[in-house]
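A structural walkthrough
In case you want the letters, here they are:
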Amino acid sequence: MSTIALVADKYDAQILSFVLMPNHIHILLSATGQTCLNIFQFIRRRISYRLSRDGNAPLPDSYGMKLIPIEDRNSLRTHYIYLARNAYEKGFCNPGCYPWTSEYLVFSRLARSIRGTRIDCMNECEVRCILGSKHPLPGHWEIHPELGVLPRNYIDIEKADALFGSPKTYMTRLVKDYESFIYVSKELDEEILFSKPEVNDILYETLHRQYPGKRIGNLTSDEKSKLTVSLYRQYGFSSALLSEILYMPERTVLQLIGSKDYGHKIH
């Protein structure tokens, strides 16, 4: 949390959202490409130094970054949802309850009441120890004894709120917008693991969209084949999973995915 705070103050960049996961970091920010590269190198040096100081191996040479441009406002919403969903997707906690992120501030009256001690009221040596840096942060910024440098110091949460308009819209997209999560996951080459309830939700949403009023058992062979391939293409469901939820032999599923009549015509 100290590192992200230092990034926010040291570099010409506006951080819109971030989440710190056990083995990777996501940051949504406004900056030039060169600044993004400089920020990554700064973060990498900080992590490697801390790992070495604690007696661990530094980051491997292969530890890199992927820079994805945000093309428009809808793309910004999509990526924001992806970041916010990370901890929830991994089963760490409910949405908005992960402490190592700025996401818990969104549409939260309670989170905005989490306060710390102002830096200008703290001992200078204590602040340096917490930050692991001599770089001075603004005196009015606050440090929480357990949560570290609070993201409320530098995140413009009103901009985040304005992106979605209302808590209901935000939470609906966060929990239900599977397409956005899949889209960004593919951009980042990250694996997606849906829970059983989510799989069923996706199945019945797709079924309702393609064949309103029908149940799986009422589908014709052609309709079921098209539904199978749609789920495979849009959500990346495995042949084994498709076989289970659609009550079809896995061999048949594989044939459909690779067939010229279905696999190559449905988008």
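This write-up is about the structure you can find in this document.

We now examine the overall build of the protein. Looking only at helices and strands, one finds 11 helices and five strands in the protein. The contacts in the protein between residues at least 6 apart in sequence include a share of 62% that link residues at least 24 apart. Of the roughly 14,900 Å² of accessible surface on the protein, 52% is carried by carbon and sulfur atoms. The protein carries 33 positive and 30 negative side-chain charges, and their two centres are separated by 2 Å.

With that settled, the discussion passes to the pairing of strand β2 (residues 25–30). In this structure, strand β1 (residues 14–20) lies alongside β2, joined through six bridges in antiparallel fashion. Bridge pairing in β2 places S17 opposite L28.

This model, assessed by the stated rule, comprises eight aromatic pairs. Taking the centre distance of 6.5 Å and the plane angle of 25° together, the rings of F18 and Y154 count as stacked. Highlighted residues: F18 in strand β1 and Y154 in the loop between β5 (148–149) and α5 (157–164), separated in sequence by 136 residues. Residue Y154 is classed as buried on the basis of its relative accessible area, which comes to 12%. Judged by centre distance (5.8 Å) and plane angle (65°), the ring pair of Y80 and F164 falls under edge-to-face. One end of the pair, Y80, is in helix α3 (residues 73–89); the other, F164, is in helix α5, with 84 residues separating them in the sequence.

Before going further, it helps to examine the environment of C93. Among the structural elements, C93 can be located in the loop between α3 and β3 (117–118). Here the alpha-carbon distance between C93 and L29, two residues 64 residues apart in the chain, equals 24 Å. When near neighbours in sequence (up to four residues on either side) are disregarded, C93 contacts A87, Y88 and Y98.

Right, let's talk about the side chain of T206 for a bit. Within the secondary structure, T206 is located in helix α8 (residues 196–210). Residue T206 is classed as buried on the basis of its relative accessible area of 0%. When residues no more than four places from it in sequence are discounted, the contact partners of T206 are L227, L231 and Y235.

A word on the environment of Y232. Mapped onto the secondary structure, Y232 falls in helix α9 (residues 221–235). For the pair formed by Y232 and I257, sequence separation is 25 residues and the distance between their alpha carbons is 7.6 Å. Beyond its immediate stretch of four places on either side in the chain, Y232 contacts F237, L242 and I257.

Contact geometry of α3 with helix α6 (residues 167–176) gives a least axis separation of 9 Å together with a crossing angle of 65°. In terms of orientation, α3 and α6 fall into the roughly perpendicular class. By crossing handedness, the relation of α3 to α6 is classed as right-handed. For the pair α3 and α6, the contacting residues are N74, R77, T78, Y80, I81, A84, R85 and Y88 in the first and Y170, R173, L174 and V175 in the second. Looking at the contact of α3 with α6 residue by residue, the classes come out as seven nonpolar, two polar and three charged.

Nonpolar side chains tend toward joint burial in soluble globular proteins. With 52 residues, the main nonpolar core has I15, F18, Y80, L137, W141, Y154 and Y170 as its most contacted residues. Within the residue set of this core, elements represented by two or more residues are α1 (2–10), β1, α2 (33–53), α3, α4 (124–131), α5, α6 and α7 (178–188). The dominant element in this core, judged by the number of residues it contributes, is α3, at seven residues. For Y80, the residues in contact, after removing those within four places along its chain, are L16, S17, L28, V106, I157, A160, L163, F164 and Y170. Among the nonpolar cores identified, the runner-up in size contains 22 residues, and Y178, L242, L246 and I257 belong to it.

Right, let's get into helix α11 (residues 250–258). Those residues of α11 that sit buried are V253, L256 and I257. What you see down the axis of α11 is that its buried residues fit within an arc of 100°, all on one side. In this structure, the buried residues of α11 make contact with α9 and α10 (239–246).

An ideal rise of 1.5 Å per residue puts 30 Å on 21 residues; α2 measures up with 30 Å between its terminal C-alpha atoms. Tucked into the core, α2 has its buried residues touching α1, β2 and α4. G55 sits one or two residues past α2 and shows a positive phi near 85°.

Rules and cut-offs
Residues numbered from 1 in each chain as written. Predicted model: local features only at pLDDT ≥ 70, side-chain atom pairs only at ≥ 80, totals over all residues. Heavy atoms only, no water. Helix = DSSP H or I, 4+ residues; strand = E, 2+ residues; numbered from the N terminus. Contact = heavy atoms within 4.5 Å. Areas by Shrake-Rupley, 256 points an atom, 1.4 Å probe, with all protein chains shown as cover. Lys, Arg positive; Asp, Glu negative; His and termini not counted. Charge placed at Lys NZ, Arg CZ, Asp CG, Glu CD. Pairing = 2+ DSSP bridges. Phe/Tyr/Trp six-rings, centres within 6.5 Å; stacked < 30°, edge-to-face > 60°. Buried < 20%, exposed > 50% of the residue type's maximum accessible area, 1.4 Å probe, protein only. Axes fitted to C-alpha atoms, helices over the stretch in contact; angles between N-to-C directions. Parallel < 35°, antiparallel > 145°, perpendicular 65-115°, else oblique. Left-handed = near helix turned anticlockwise from the far one by under 90°. Nonpolar A, V, L, I, M, F, W, Y, C, P; charged D, E, K, R; others polar. Core = buried A, V, L, I, M, F, W, Y, C linked by side-chain atoms within 4.5 Å. Arc of directions from axis to C-beta. Expected span 1.5 Å × (residues − 1).

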